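Understanding the architecture of this molecule
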Amino acid sequence: SDAARIPALVVGSGYGGCVAALRLAEAGVDVHLVELGKAWDTPGTDGKIFANTTTPDYRSFWLRTRTKQPLSNFLGFPLDKDVPRHTGILDAEEFSGITVYQGRGLGGGSLVNGGMAVTPKRENFGSVLPTVNADEMYGVYYPRANAGLGVATIDPNWFETAECYQYARVGRKHAQRSGFPFLFVPDVYDWDYMKKEQAGTVPRSALAGEILYGNNAGKKSLQQTYLPRIKATGRVTISALHRVTSVTPASGGGYTVVMEQLDTAGTVTGTKSVTADKVFFAAGSVGTSKLLVKLKATGALPNLNNEVGKGWGDNGNVMCGRANHMWDATGALQSSIPTAGIDNWAAGGAFAEVAPLPTGIETYASFYLSITKNPNRGTFSWNAGANKVDLDWQTAWKQPSIAMAKTIFDKINAKEGTIYRTDLFGVYKIWGDHLTYHPLGGAVLGKATDNYGRLHGYPGLYVIDGALIPGNTSVNPFVTITALAERNIEKIVATDL
Ligand code: FDA
């Protein structure tokens, strides 16, 4: 067909997609950045762009008529409620044995995440990305990513007195009394703004419980960092509410990219196609894996190799809560932005974030998201009968994660004389083992692609997101996703343009 021809198209606008779009545009390449979700630049009738976690509404979930909140219950009561179906910000995508939470919108996961911006310990990097030169990553690309994302650490003096971090100080006390190293975790939240929230001089965001459905202030998502720089180049066309459905070699060279335009009810209102010399898959670990598996199986990209769809992991995510004694109140006012972690990675395979439980009332609960060294890996495959991509994960595959998290919390409970909460994930259920926030892998670096994300079999096709990372980063993943993307795009700009 006579589709419009462009030099580069980027599928998805999370960390990988934003890095690709910015660096290509800076190198003088015109880019079309295509994003499935909304632009999230227009306030709703309440004057706010994003909904609060305490009152989910049409903005909160991706094409659901009922919320699917990560913490499904409280004191035994189910929390979920009906909402109008809308192209909302948080996708709770269900596969067999696991719900994978992902951001939908311009900025991808940066819109919904906790902003915890953690560089893995150098000694663990060899197991995170075994084929990547660690000297280059720690010398150049991790610093570049941290600077570009606006990463900073809480003022430790302020931490000692801030009411909103009482829960984290209780977490520290319990960790240290059991002999675990406790460390501050950097974040992209604006800490000066956080101080003003605590002082009551600005509208509250983190201190009003905003996080999962977006932050109306304070958080430096990609909308505050990479995206303004992308727009300032003048070379990037952005299409929000567009879903890429096909990429296939074009007759005159390059690739024909087919995309559907959606309305905010999720209805397809049109289909477009363009021809791009280069296509960068940055639809996230799940989005990129699903696209590539489907395109290989259905004959659009038959020469992709058999590594496509493999090596998917959940970053070992598992959640739990502990019930504290009455003298260890965690505070009615809790910042939704975690700021500290318990490191038992070397000894027990677990790194636990001390997470908030911002209910607005005193709960006497300590809540944790553990990242563990879970060795299990899933595979995406094409289900021709159902016309969709499946993932073969099993809930039982989280058992290693639970065992690793217990190396921290069984010890703390024994020391403190406390027990696990059993009311947060259902009725009498201790472990939040049904979900992940950190999908990784599915088009692993050096396997489905070469060592810079070039897909085997198709010159000009690249993967540049969390799909490259083989299932685990030992800490929260987005700094590593960003740093790897910075490394790969630098090479691609230097050698492939
Ligand atoms: P990402 O998922 O960010 O972006 C992919 C984009 O592609 C999305 O915007 C999607 O809508 C779009 N897309 C998908 N399919 C498409 C298609 N067919 N066509 C067009 N567009 C398409 N990490 C961390 O380091 N610290 C933290 O504190 C947290 N906290 C956290 C909380 C919650 C609730 C979640 C859900 C996640 C986190 N994370 C996190 C994880 C982090 O957000 C995640 O690892 C990154 O966003 C992944 O970056 P990517 O660039 O790989 O994809």
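See above for the structure.
Fair warning: this is a prediction, and the values are worked out from it, not measured in the lab.

1. Structural notes on empty space enclosed by the protein
This model, assessed by the stated rule, comprises one cavity of 30 Å³ or more. Roughly 40 Å³ of internal volume is contained in the largest cavity. If you go around the largest cavity, the residues you meet are Tyr167, Thr330, Gln334, Val354, Ala355, Pro356, Leu357, Ala365, Ser366 and Phe367. Among the secondary structure elements, those contributing two or more residues to the lining of the largest cavity are β14 (350–355) and β15 (365–372). Take the lining of the largest cavity: its biggest share by element is three residues, from β15. For the lining of the largest cavity, the class distribution of residues is seven nonpolar, three polar and no charged.

2. So, the sheet that holds β14
The strand order β7-β13-β14-β15-β12-β18 describes an open sheet built from six strands, whose pairing is antiparallel. Across the chains shown, the open sheet's two edge strands, defined by having one partner strand only, are β7 (182–184) and β18 (419–420). Sheet analysis places β7 next to strand β13 (residues 340–344), joined by three bridges and oriented antiparallel. From the neighbouring strand, Phe182 faces β13, where its bridge partner is Ile342. The sheet strands contacting helix α5 (residues 166–177) are β7, β12 (318–323), β13, β14 and β15, and the helix crosses β7 at an angle near 150°. On top of the sheet, helix α10 (residues 399–416) reaches β12, β13, β14, β15 and β18; it is set at about 10° to β12, its chief contact.

3. Quick notes on the environment of Gly103
Along the chain, Gly103 falls in strand β6 (residues 98–103). Taking the relative accessible area as the measure of exposure, Gly103 reaches 11% and is therefore buried. When neighbours within four sequence positions are excluded, Gly103 is seen to be in contact with Ile89, Gly108, Gly109 and Val112.

4. Overview of the environment of Ser246
In this structure, Ser246 sits in strand β9 (residues 242–249). Along the backbone, Ser246 and Ile49 are 197 residues apart, and their C-alpha atoms lie at a distance of 31 Å. Among all residues touching Ser246, those that are not within four sequence positions of it are Thr256, Val257, Val258, Leu295 and Ala300.

5. A closer look at the nonpolar core
Core analysis: the biggest nonpolar cluster contains 85 residues, and Leu9, Met137, Val247, Val279, Phe280, Phe281 and Leu461 have the highest contact counts within it. In this structure, Val279 is in contact with Leu9, Val11, Val247, Tyr255, Val257, Gly460, Leu461 and Tyr462, ignoring residues within four places of it in sequence. Ranked by size, the runner-up nonpolar core spans 35 residues in total, among them Trp158, Phe159, Cys164 and Val318.

6. As for the layout of surface pockets
Taken as a whole, the second largest pocket spans an internal volume of roughly 200 Å³. Taken together, Leu129, Pro130, Thr131, Glu307, Lys310, Gly311, Arg377, Val444, Leu445, Gly446, Lys447 and Pro470 make up the lining of the second largest pocket.

7. Topic: the site of the ligand
Taken together, the neighbourhood of the ligand is formed by 36 residues, with Glu35, Gly109, Met116, Gly466 and Phe478 sitting nearest. Here an oxygen atom of the ligand sits 3.2 Å away from a polar atom, N or O, in the main chain of Gly105. The protein chains hide 95% of the 1000 Å² of surface that the ligand would expose on its own. Where the shell around the ligand is concerned, the elements lending two or more residues are α1 (15–26), β6, β9 and α11 (478–496). For the shell around the ligand, a count of residues per class yields 15 nonpolar, 17 polar and four charged.

8. A look at the sheet that holds strand β19 (residues 435–436)
The sheet built from three strands is open, its strands ordered β5-β6-β19 with mixed pairing. The sheet is open, and its two borders are formed by β5 (90–95) and β19, each paired with just one other strand. Looking at chain direction, β5 and β6 are connected through six bridges and run antiparallel. Residue Glu93 lies in a different strand from β6, and its bridge partner there is Val100. Docked against the sheet, helix α8 (residues 284–297) engages β5 and β6, running at close to 55° with respect to β5.

How each quantity is defined
- Residues numbered from 1 in each chain as written.
- Predicted model: local features only at pLDDT ≥ 70, side-chain atom pairs only at ≥ 80, totals over all residues.
- Heavy atoms only, no water.
- 1 Å grid on protein atoms, 1.4 Å probe; cavity = no way out; pocket = protein on both sides within 12 Å on 5 of 7 lines; lining within 4 Å.
- Points joined across faces, edges and corners; volume = space filled by probe spheres on them.
- Helix = DSSP H or I, 4+ residues; strand = E, 2+ residues; numbered from the N terminus.
- Nonpolar A, V, L, I, M, F, W, Y, C, P; charged D, E, K, R; others polar.
- Pairing = 2+ DSSP bridges.
- Contact = heavy atoms within 4.5 Å.
- Axes fitted to C-alpha atoms, helices over the stretch in contact; angles between N-to-C directions.
- Buried < 20%, exposed > 50% of the residue type's maximum accessible area, 1.4 Å probe, protein only.
- Core = buried A, V, L, I, M, F, W, Y, C linked by side-chain atoms within 4.5 Å.
- Near = heavy atom within 4 Å.
- Polar contact = N/O pair within 3.5 Å; in protein donor to acceptor, adjacent residues only side chain to side chain.
- Areas by Shrake-Rupley, 256 points an atom, 1.4 Å probe, with all protein chains shown as cover.

These results come straight from atomic positions and should not be treated as a statement about function.
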